[in-house]
Amino acid sequence: MNDIPYSIDKIPLTSKAYRINTTKNTEVRKTIPTPDYIKIDTNESIDWGELPNLEDLGFTSEKNFERTFMLGGETEALKRLNSYLFETQQLTSYRWTRNRSLGMDYSSKFSPYMALGCLSPRTIYEAVKQYENIIKKNQSTWWMIFEVVWRDYFTFKLMRMQNAVYQTEGYSKKKLEFENDNKLFKRWCNGTTGIPFIDAHMRQLNQTGFMSNRGRVNCASFLIHDYKIDWTWGASYFESKLIDYDVASNWMNWHVQAYEIWYTNPINQANKYKAQEFIRKWIPEIKNLNDMQVLIPWEFKDHSYDKPIEIFKKWTRAINKIKKEN
Ligand SMILES: Cc1cc2nc3c(=O)[nH]c(=O)nc-3n(C[C@H](O)[C@H](O)[C@H](O)COP(=O)(O)OP(=O)(O)OC[C@H]3O[C@@H](n4cnc5c(N)ncnc54)[C@H](O)[C@@H]3O)c2cc1C
């Protein structure tokens with residue numbers, strides 16, 4: 001906070017204004033090396049005890065396979081950093097893969113480690129700079145730093161906006177009308193809306209505590225603009241489920257979806273990002289449908305998957321495009 005060229009009450013209202021000035025005028029502080037020992041002001045020796053593993057806590061790895069798809073702790077965080085950057089060099093394609101949803105490779109998965117203090121933005125920054133020097137500097141390396149800077153921006157903007165961020169009316173002057181139908185909210189939470197791109201992501205969130213950025217954007221937009229449910233309900237639900245829950249990243253992104261950007265069409269996005277395989281993984285009821293059917297399953301009878309409450313007119317173009325392209 002002491003290094004950026006703004007006081008908190010002057011944090012710009014757009015991320016672009018913040019980023020351009022900040023990245024031009026701020027040196028990123030160096031990470032501090034791990035100390036060789038920790039000086040403790042006591043003569044008594046300290047028993048640090050043993051860290052329990054999952055089995056000690058009553059979990060079997062089989063039962064919790066999905067939930068433990070990422071292992072916690074700093075050692076694992078540094079392993080992931082090393083693997084995403086230097087071992088597999090997936091960072092090189094990040095710019096073009098970051099909007100996908102299936103698997104571990106399309107994005108870094110640094111967020112759970114960052115949320116719990118196992119990996120710092122400065123450590124990531126230094127690793128990306130090293131990558132640029134010895135492997136490749138391209139749009140992807142720029143984009144990774146851009147995202148981490150964005151995370152900082154949300155933290156500072158939340159500090160500026162304070163409690164308004166948690167209110168339904170938010171900090172913008174705009175107003176949305178909500179219907180707040182409890183039954184629809186439950187369908188959204190449970191991943192049973194009948195819209196495959198939404199349900200696949202919500203089921204993934206419920207089972208793993210993780211969801212891609214593309215999924216978060218679509219699920220938030222759908223809840224707010226299609227189901228007309230108060231966005232703070234959705235933000236609270238995400239808060240209760242995400243393993244990377246971070247106050248500023250969650251609430252500021254939800255606020256953006258409610259008040260600051262256009263509607264996102266989940267039918268079009270599923271087709272645009274070729275989500276068929278991801279949908280089949282999380283919605284077994286329609287895993288046998290072909291590439292076209294699995295995106296618009298309500299038009300076909302041979303499955304037990306939920307029917308949507310309504311197929312909105314604004315989706316017609318996207319539906320026709322799916323039929324033409326798949
Ligand atoms: C509605 C909504 C809620 C969200 N809630 C959270 C949350 O609680 N915690 C959280 O860490 N992120 C949140 N995000 C941001 C983003 O979805 C996740 O950071 C990202 O999906 C994590 O995956 P990754 O580490 O593979 O990201 P990558 O794409 O590999 O990005 C690298 C890092 O950049 C940062 N970053 C990327 N995108 C964003 C963004 N839009 N906002 C802030 N930081 C970003 C994260 O620290 C991330 O780990 C939310 C986004 C939306 C739309």
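Just above, that's the structure.
The sections below set out a description of the structure shown in this document. Throughout, residues of each chain are indexed from 1 in the direction in which the sequence is written. Since the coordinates come from a predicted model, pLDDT governs what is reported: local features require at least 70, and pairs of side-chain atoms require 80 or more to be given and counted, while whole-chain, interface and lining totals use all residues. Side-chain measures were taken over the full set of non-hydrogen atoms in the model, leaving aside hydrogen atoms and water.

## Describing the site of the ligand
Residue proximity to a molecule or strand is established when one non-hydrogen atom of the residue lies within 4 Å of it. The local shell around the ligand holds 25 residues, among which Y94, S107, S108, K109 and N213 are the closest. N or O atoms within 3.5 Å of each other form a polar contact, as long as, within protein, one can give a hydrogen and the other can take it, and as long as residues adjacent in sequence are counted only when both atoms are side-chain atoms. A distance of 2.6 Å is found between an oxygen atom of the ligand and a side-chain nitrogen or oxygen belonging to S107. A distance of 3.0 Å is found between an oxygen atom of the ligand and a backbone nitrogen or oxygen belonging to S111. Protein contact buries 98% of the 810 Å² of open area that the ligand shows by itself. Numbering of helices and strands runs from the N terminus; a helix is a DSSP stretch of H or I covering at least four residues, while a strand is a stretch of E covering at least two. Elements that contribute at least two residues to the shell around the ligand include exactly α4 (111-115), α6 (139-161), α9 (213-226) and α11 (247-260). With 5 residues, the top contributor of residues to the shell around the ligand is α6. Note on residue categories: nonpolar means Ala, Val, Leu, Ile, Met, Phe, Trp, Tyr, Cys or Pro, charged means Asp, Glu, Lys or Arg, and polar means any other residue, Gly included. Residues of the shell around the ligand, tallied by class, amount to 11 nonpolar, 8 polar and 6 charged. Throughout the structure description, domain borders are defined by an automatic or database domain assignment. In this structure, the shell around the ligand is formed jointly by two domains, domain 1 (1-21 + 68-166) and domain 2 (182-325), each of which donates at least three residues. All accessible areas in this document rest on Shrake-Rupley with a 1.4 Å probe, and a residue is counted as covered only by the protein chains that are shown.

## A few points about the packing of α6 against α11
Axis lines are fitted through C-alpha atoms, for helices just across the contact stretch, and the angle between N-to-C directions can take any value from 0 to 180 degrees. Interaxial distance between α6 and α11 falls to 9 Å at its minimum, and their mutual angle equals 85°. Classified by the interaxial angle, the pair formed by α6 and α11 is roughly perpendicular. Taking contact as the criterion, the partners of R151, F154, T155, K157 and L158 in α6 are, on α11, V247, A248, S249, M252, N253, V256 and E260. Grouping the amino acids of the contact of α6 with α11 by side-chain chemistry returns 6 nonpolar, 3 polar and 3 charged. When describing relative orientation, an angle under 35 degrees is termed roughly parallel and one over 145 degrees roughly antiparallel, while 65 to 115 degrees is termed roughly perpendicular and anything else oblique. By definition in these notes, contact holds between two residues if any of their heavy atoms fall within 4.5 Å.

## Description of the packing of aromatic side chains
By convention, a stacked pair of Phe, Tyr or Trp rings (six-membered ring in the case of Trp) has centres within 6.5 Å and planes under 30 degrees apart, an edge-to-face pair has planes over 60 apart, and any other such pair is tilted. Within this structure, the stated rule accounts for 23 aromatic pairs. Relative to F146, the ring of W142 has its centre 5.2 Å away and its plane inclined at 15°; by these criteria the two rings are stacked. Taken as a pair, W142 and F146 lie in helix α6 at a separation of 4 residues, close to a single helical turn. Burial classes follow relative accessibility: with a 1.4 Å probe on protein chains only, a residue under 20% of its type's maximum area counts as buried, one over 50% as exposed, and anything between as partly exposed. Relative accessible area serves as the criterion here: at 44%, W142 is assigned to the partly exposed category. Given a relative accessible area of 15%, F146 falls into the buried group. By the ring-pair criterion, three or more aromatic residues cluster together here, those being Y6, Y18, W142, W143, F146, W150, Y153, F154 and F156. Two thresholds decide whether a charge sits over a ring: the Lys NZ or Arg CZ must be within 6 Å of the ring centre and within 35 degrees of the ring normal. One cation-aromatic arrangement involves K314 over Y263; the distance from NZ or CZ to the ring centre is 4.2 Å. A cation over an aromatic ring shows up here: K314 above the ring of F312, its NZ or CZ 4.9 Å from the ring centre.

## Section: the pattern of salt bridges
The rule for a salt bridge is simple: a side-chain nitrogen of Lys or Arg has to be within 4 Å of a carboxyl oxygen of Asp or Glu. Enumeration according to the criterion identifies 12 salt bridges in this entry. Where K79 meets E76, a salt bridge forms, and the shortest distance between an N and an O atom there is 3.2 Å. Residue K79 and its partner E76 are both found in helix α2 (residues 74-87); the two are separated by 3 residues, about one turn of the helix. One salt bridge connects K157 with E260, and the closest N-O pair in it is separated by 3.8 Å. Separated by 103 residues along the polypeptide, K157 in helix α6 and E260 in helix α11 bring together distant segments of the chain. Take K157: its relative accessible area is 3%, and that puts it in the buried class.

## Things to note about helix α7 (residues 182-190)
Buried within α7 we find L184, F185, W188 and C189. Down the axis of α7, the buried set is contained in an arc of 140°. They therefore lie on one face. Facing away from the buried side of α7, by more than 90 degrees, are the exposed residues K183 and K186. Close packing links the buried residues of α7 with α8 (196-208), α9, α10 (231-241) and α11. At the C-terminal side of α7, G191 shows a positive phi close to 70°. Throughout, the arc means the angular range of directions from the helix axis out to the C-beta atoms.

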